[in-house]
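# Residue-level structural notes
What follows is the residue order along each chain.
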Number of protein chains: 2
Amino acid sequence: MLRVSKITDHGIVILSNLASEPDGSTQSAREIAAEARLPLPVVSKTLKRLARAGILESHRGAKGGYALARSPAEITLADAITALEGPIGLMECSVHLGQCSHESTCTIRGPWQRVNDEIRASLERITISELLPTPGGDGELIPLRVASGDRRR
Amino acid sequence: MLRVSKITDHGIVILSNLASEPDGSTQSAREIAAEARLPLPVVSKTLKRLARAGILESHRGAKGGYALARSPAEITLADAITALEGPIGLMECSVHLGQCSHESTCTIRGPWQRVNDEIRASLERITISELLPTPGGDGELIPLRVASGDRRR
DNA sequence: TATTTACAGTACCGTACGGGTCCGATATCC
DNA sequence: GGATATCGGACCCGTACGGTACTGTAAATA
């Protein structure tokens, strides 16, 4: 169903929460998990990936934690998705060339690439700052999907 | 990585192959599998889903098989994806409302919905007829992903 | 009407990813 | 410098999906 993975929406929620904190403030994984109302291990894993990708800055030791590495307006949904689930590509050949033995005669790849580019553009157009509640509002951000009962269709 | 499922790219390849046949011609699952160079069981399952969704017409018994239910120009990528993997929705709440207990205070859903709509529009814009090889050309369509060695990252 | 062909549905199995735990590394504070 | 807090990485487990096999049903032909 062309869905982003769960870790991605967790990540988006976390980024939004961090973005609503005062500039440059650092929060521990525990605090972030509490705010997002998600299990600590899940949040922890998500934070690690975001830090590895350079979207978050991590500080170890006591009083350590995570903070946004740059302004929310400079973090796009595409950045977050790429960090959390790898390069955006609808099909294998959109990302890794040479996997398909018939690329030379394949007539599908071109049109797919077009779709892929449009999707990436859509995701690059939206930044974390656009996900924030209205300044002064107290709307807290909660994961979009429930943890269980993930029935489909 | 925001990827369509394997069954979807199989399906797209199959639809393209069928579309390059003379209008209304019927092919058996076995023939279709041979042309796409895919295992028969996989092709069979894919064909069943496409038929259930009304994209293909099926005919049972001897001389039976599958044929496009309408012109290739009237079958979009969105149709195929929806038939094969369910409604297009990047997140659970894009498809099923009421799954998330905090929808009322969620500020993320709006922007996500926008992205979702743009992606759907991209997928609705491209039809199977645009995937065909140039008329008279002999480029045969082969699945875009290899069956094995599906390594990632 | 018997036989053959081919689709329809159900059930099964293996793998890969999401989710979780544990231990090591590192920075702060006393 | 020792104790504590926190991140980083490796490993483990359960579930869900892709892939497969089997049985049932319908149509064509002789």
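Being a predicted model, the structure only gives us computed values, none of them experimental. Each chain has its residues counted from 1, running along the sequence as written. For naming, the first written chain is A and the first written ligand is 1, with later ones following in the order written. Two thresholds apply to this predicted model, a pLDDT of at least 70 for residue-level local features and 80 or more for giving and counting side-chain atom pairs, whereas whole-chain, interface and lining totals are computed over all residues. Side-chain numbers come from the whole structure's heavy atoms, not from hydrogens or water.

### Some thoughts on the overall build of chain A
Counting its secondary structure elements, chain A contains 6 helices and 2 strands. The classification of residues rests on relative accessible area computed with a 1.4 Å probe and restricted to protein chains. Under 20% of the type maximum is buried, over 50% is exposed, and intermediate values are partly exposed. Counting across all 153 residues of chain A, residues that qualify as buried make up 50%. The contact definition used throughout considers only heavy atoms, calling two residues in contact when any of these lie within 4.5 Å. Sequence separation of 24 or more characterises 65% of the internal contacts of chain A that already satisfy a separation of 6 or more. To be clear on the numbers: accessible area is Shrake-Rupley with a 1.4 Å probe, and residue cover counts the displayed protein chains and nothing else. Of the roughly 7,100 Å² of accessible surface on chain A, 50% is carried by carbon and sulfur atoms. The way it works is that DSSP assigns letters per residue, a run of H or I at least four long becomes a helix, a run of E at least two long becomes a strand, and they are numbered from the N terminus.

### So, the side chain of Ser16(A)
Residues and elements named next belong to chain A. Its location among the elements puts Ser-16 in helix 1 (residues 6-19). A relative accessible area of 0% places Ser-16 in the buried class. Polar contacts, as counted here, are pairs of nitrogen or oxygen atoms within 3.5 Å of one another; within protein the pair requires one atom able to donate a hydrogen and one able to accept it, and residues that are adjacent in sequence qualify only if both atoms are side-chain atoms. Reaching out from Ser-16, the side chain makes a polar contact with the backbone oxygen of Ile-12 at a distance of 2.9 Å.

### Concerning the pattern of salt bridges
By definition here, a salt bridge exists when the distance from a side-chain nitrogen of Lys or Arg to a carboxyl oxygen of Asp or Glu is within 4 Å. Summed over the entire model, instances satisfying the criterion amount to 8 salt bridges over all chains. For the salt bridge of Asp117(A) with Arg120(A), the shortest nitrogen-to-oxygen distance reads 3.5 Å. Of this pair, Asp117(A) and Arg120(A) both sit in helix 6 (residues 109-125), 3 residues apart, roughly one helical turn. In this structure Asp117(A) comes out as partly exposed when scored by relative accessible area, which is 39%. A salt bridge links Arg114(B) to Glu130(A); its shortest N-O distance comes to 3.4 Å. Of the two residues, Arg114(B) sits in helix 6 (residues 109-125) while Glu130(A) sits in the segment after helix 6, which places them in two different chains. Overall, the relative accessible area of 41% leaves Arg114(B) in the partly exposed class.

### A word on the side chain of Thr46(A)
All names here are of chain A. Within the secondary structure, Thr-46 sits in helix 3 (residues 40-52). A polar contact is formed between the side chain of Thr-46 and the backbone oxygen of Val-42, at a distance of 2.8 Å. Beyond its immediate chain neighbours, meaning those up to four positions away, Thr-46 contacts Ile-7, His-10, Gly-11, Ile-14 and Leu-84.

### Focus: the environment of Ala53(A)
All names here are of chain A. By the element assignment, Ala-53 lies in the loop between helix 3 and strand 1 (56-59). Note on Ala-53: relative accessible area 42%, which makes it partly exposed. C-alpha of Ala-53 to C-alpha of Leu-84: the two residues are 31 residues apart in sequence and 8.4 Å apart in space.

### Overview of the pairing of strand 2 (residues 65-68) of chain A
Residue and element names in this part refer to chain A. Here strand 2 shows two buried faces, one formed by Gly-65 and Ala-67 and the other by Tyr-66 and Leu-68. Pairing geometry for strand 1 and strand 2, over 4 bridges, is antiparallel. Bridge pairing links Leu-56 to Leu-68 in strand 2. In short, DSSP must find at least two bridges between two strands for them to pair.

### Digging into the environment of Leu84(B)
Along the chain, the position of Leu84(B) falls in helix 4 (residues 77-85). As for Leu84(B) and Thr8(B), which are separated by 76 residues in sequence, their C-alpha atoms are 5.9 Å apart.

### Some remarks on the packing of helix 2 (residues 29-36) of chain B against helix 3 (residues 40-52) of chain B
If you want to describe how two helices pack, look at the angle between their axes and the distance between the axes. Residue and element names in this part refer to chain B. Every axis in this analysis is a line fitted to C-alpha atoms, fitted for helices over the stretch in contact. Angles between the N-to-C directions lie between 0 and 180 degrees. At a minimum axis separation of 9 Å, helix 2 and helix 3 run at an interaxial angle of 115 degrees. Between helix 2 and helix 3 lies a crossing whose hand is right-handed. Here Ala-29, Arg-30, Ile-32 and Ala-33 of helix 2 lie close against helix 3, whose contacting residues are Leu-40, Val-43 and Leu-47. Polar here means any residue outside two lists: the nonpolar Ala, Val, Leu, Ile, Met, Phe, Trp, Tyr, Cys and Pro, and the charged Asp, Glu, Lys and Arg; Gly therefore counts as polar. Of the residues belonging to the contact of helix 2 with helix 3, the class tally is 6 nonpolar, no polar and 1 charged. The hand of a helix crossing depends on one turn: near helix anticlockwise from the far one by less than a right angle means left-handed, and clockwise means right-handed.

### Quick notes on the confidence of the model for chain A
On a scale of 0 to 100, pLDDT captures the predictor's confidence in every residue. On average, residues of chain A score 80 in pLDDT, and 77% of them reach the 70 mark or higher. Scored below 50 in pLDDT, residues 136-153 of chain A makes 54 contacts in the model with residues more than four places away or belonging to other chains.

### Some words on helix 4 (residues 77-85) of chain A
Across the 9 residues that make up helix 4 of chain A, a large majority, 7, are buried. For helix 4 of chain A, the complete set of buried residues consists of Leu77(A), Ala78(A), Ala80(A), Ile81(A), Ala83(A), Leu84(A) and Glu85(A). Along its buried surface, helix 4 of chain A packs onto helix 1, helix 3 and helix 6 of chain A together with helix 6 of chain B. Gly86(A) sits one or two positions beyond helix 4 of chain A and adopts a positive phi of about 90 degrees.

### Details of the nonpolar core
Note that soluble globular proteins tend to have their nonpolar side chains buried in a common cluster. Ranked by internal contacts, the top residues of the largest apolar core, which has 81 residues, are Leu15(A), Leu56(A), Trp112(A), Leu123(A), Leu15(B), Trp112(B) and Leu123(B). Excluding residues within four positions of it along the chain, Leu15(A) makes contact with Leu50(A), Ile55(A), Leu56(A), Leu68(A), Ile75(A), Ala80(A) and Ile128(A). Buried Ala, Val, Leu, Ile, Met, Phe, Trp, Tyr and Cys residues form a nonpolar core when they are joined through side-chain atoms within 4.5 Å.

### Topic: helix 1 of chain A
Here helix 1 of chain A is 14 residues long and its end C-alpha atoms lie 20 Å apart, about the 20 Å a rise of 1.5 Å per residue gives. Burial runs high along helix 1 of chain A: 13 of the 14 residues are buried. Given the number of residues in a helix, its expected span is that number minus one, multiplied by 1.5 Å.

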